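# Secondary and tertiary structure notes
Below, each chain spelled out in residue letters.
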Amino acid sequence: MREHKLFKGKSLAILSGGGDTPAINSSIEAVRNRASMLGFKVYGVRQGWRGLLGDGDIVDLTGQTYNGLYGGTALRSSRTNPFPSKKNTEDRVPQVLKNLQRYKIDVLVTIGGDDTNGAAKRLYEREGIPVIGFPKTIDNDLRTKTWHTFGDKTIDAVICPGFPTAAKSIAEFAARLKTTAESHSRIMVMEVMGRDAGWLTGAGVFGSGDICLVPEVEMTKQRKDFFLECVKETYLRNTKKTLIIPVSEGVRWYNDESGMCEVVNASNELDEYGHARLGGISGLIAGEISSKLKIDARSQITGYYPRGGTCSEYDRRLTQTLADKVVDLLLREQYGQMPVLNRVCTYQELEEFNCSSIDMGAIGNRSLPEEYFDANTFRFTPMYVDFLSRIIGKPCYETFDYDFPVVVPED
Ligand code: F6P
């Protein structure tokens, strides 16, 4: 890119909020590099919105060595909400405004999900702060309006930086569970993060996962009974008597005692955006499979595994492509916008012409489209497989089929 000095004397600050992903450093580096080329001095706000409270916690990123492939976020993160919430009733917006002024920050780029970017949008609308959002979440549940065509169907899907790397990790995790499950003729109930959306759970299928459960399909009593029948039938049909069942952490599962469909929380304490911490549903499901079907079942929480590690090649190019669009937004002074991909595409098709921007107010939450999951069979559909194949490649796991002849003693 040619060096512009259009924004000489101006400064741009980047912050990352919410759960980390392996693609945040890549996003920071890509935005930093492009903003520097435009002539901005580039700052990093540490610990999300918290870094704009009190005296501020700001670092200078201009000209600094940066490793965008390294996972996590070098700016660190928090779930601090500048606006009053149930958890924190104090209005912190005046502190944010004061620090933006003290540090002479002209433009703020907020890397985050719905919570972080929702707060940024409110600052833009209420206080006129020039903000640009940047998508981020392994949950992949932001409404990015990224169209996906499969056969004669076109639906609005999502690709958020962080999800491609996390999906690869989940596929690998399932592939590893497969060999140990086979050795013990076990069922493995594999729990996957994703909050109220099942996008990431489907990646388990790319590593040998079979029937799955997602938060979008409530597991009522009838559904649960049918699911248990399917589990038994699929397990018995399998020559190695094994089964990997990816389940989303946010699955609503019928509780035989309360007669209600409930999620399982790891902690009931709410964060500043009102979310409880999910976790533990896989233990409940494995327990019921063992007790009701008399089949050995174990639970495995994949937890933070997909959030860690190095940024994948797809995520790397995706963040760079979206950062190219940030340049466009800066040049046009189009604030309150977030760059998004127009179409679900392969690595080779990640180009700026496949990008546009959406109003940050329209981000909201995008659950898994019904075209991607068949609630009658508990299976991800060929359309989902097409979606994820374009991002991480075809399902791939090793198999070793053996049917050794049984030896009978000669007597
Ligand atoms: O939103 C990203 C996410 O990883 C969710 O999938 C998960 O429920 C949550 O964050 C966990 O948050 P924390 O890091 O606060 O435990």
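Residues numbered from 1 in each chain as written. Predicted model: local features only at pLDDT ≥ 70, side-chain atom pairs only at ≥ 80, totals over all residues. Heavy atoms only, no water.

Along the chain, the regular secondary structure elements total eight helices and 18 strands. A compact globule built from 411 residues would reach a C-alpha radius of gyration of about 22 Å, and the chain, at 23 Å, matches this within 12%. Seen through its C-alpha atoms, the chain measures out along the principal axes to roughly 95 × 45 × 40 Å. Within the chain, buried positions represent 55% of all 411 residues. Sequence-distant contacts in the chain: of pairs separated by 6 or more residues, those separated by 24 or more amount to 75%. (Helix = DSSP H or I, 4+ residues; strand = E, 2+ residues; numbered from the N terminus. Rg over C-alpha atoms; globule rule 2.2 N^0.38 Å. Buried < 20%, exposed > 50% of the residue type's maximum accessible area, 1.4 Å probe, protein only. Contact = heavy atoms within 4.5 Å.)

Under the counting rule described, the total for this entry stands at 15 aromatic pairs. Taken together, a centroid distance of 5.7 Å and an interplanar angle of 85 degrees make the contact between Trp199 and Tyr372 edge-to-face. You can see Trp199 sitting in the loop between strand S8 (187-192) and helix H5 (221-237) and its partner Tyr372 sitting in the loop between strand S16 (355-359) and strand S17 (373-374), a full 173 residues away along the chain. Pairing Tyr384 with Phe387 gives two aromatic rings, centres 5.7 Å apart and planes at 50 degrees, and the pair type is tilted. With a gap of three residues between them, Tyr384 and Phe387 both fall in helix H8 (residues 382-392), about one helical turn apart. (Phe/Tyr/Trp six-rings, centres within 6.5 Å; stacked < 30°, edge-to-face > 60°.)

Here the focus is the site of the ligand. Taken together, the residues surrounding the ligand are Arg79, Ile138, Asp139, Met193, Gly194, Arg195, Glu249, Arg277, Tyr304 and Arg307. In the model, an oxygen atom of the ligand is placed 2.6 Å from a nitrogen or oxygen of the Glu249 side chain. Interatomic distance of 2.8 Å between a side-chain N/O atom of Arg307 and an oxygen atom of the ligand. Alone, the ligand offers 400 Å² of accessible surface; in the complex the protein occludes 83% of this. (Near = heavy atom within 4 Å. Polar contact = N/O pair within 3.5 Å; in protein donor to acceptor, adjacent residues only side chain to side chain. Areas by Shrake-Rupley, 256 points an atom, 1.4 Å probe, with all protein chains shown as cover.)

As assigned here, the chain comprises domain 1 (2-136 + 311-362) and domain 2 (163-308 + 369-392). With centres defined by C-alpha atoms, the gap from domain 1 to domain 2 works out at 33 Å. With 25 residues of domain 1 at the interface, the matching set in domain 2 holds 17 residues. Between domain 1 and domain 2 the total buried area reaches about 1700 Å² when both faces are included, carbon and sulfur atoms providing 51% of it. (Domains from an automatic or database assignment. Buried area = accessible area lost by both parts, 1.4 Å probe.)

Pairs of packed helices are described in terms of their axes, by the angle between the two and the distance that separates them. Relative to each other, helix H2 (residues 93-102) and helix H3 (residues 114-127) sit at 80 degrees, their axes nearing to 12 Å. The orientation of H2 with respect to H3, classified from their angle, is roughly perpendicular. Touching Val93, Val96 and Leu97 of H2 are Leu123, Arg126 and Glu127, all from H3. Of the residues that constitute the contact of H2 with H3, the class distribution is four nonpolar, no polar and two charged. (Axes fitted to C-alpha atoms, helices over the stretch in contact; angles between N-to-C directions. Parallel < 35°, antiparallel > 145°, perpendicular 65-115°, else oblique. Nonpolar A, V, L, I, M, F, W, Y, C, P; charged D, E, K, R; others polar.)

Attention shifts here to the pairing of strand S7 (residues 153-157). The pairing of strand S6 (residues 146-150) with S7 spans five bridges and is classified as antiparallel. In the strand pairing of S7, Thr149 is matched with Thr154. The antiparallel pairing of S6 with S7 creates a hairpin that spans two residues between the two strands, and Gly151 there sits at a positive phi of about 60 degrees. (Pairing = 2+ DSSP bridges.)

Attention now goes to the sheet that holds strand S9 (residues 243-248). Pairing between the strands of a sheet comes from backbone hydrogen bonds, and it takes one of two forms, parallel or antiparallel. Judged by pairing direction, the sheet is parallel, and its three strands sit side by side in the order S9-S8-S14 without closing on themselves. Each edge of the open sheet carries a strand with a single partner, namely S9 and strand S14 (297-301). Direction aside, the axes of adjacent strands within the sheet are offset by 25 degrees on average. Direction of pairing for S8 relative to S14: parallel, over a ladder of five bridges. Paired with Val189 across the strands is Ser299, a residue of S14. Contacts from H5 reach S8 and S9 within the one sheet, and its direction differs from that of S9 by about 150 degrees. Sitting on the sheet, helix H6 (residues 281-293) touches S8, S9 and S14, and the angle it makes with S14 is about 175 degrees.

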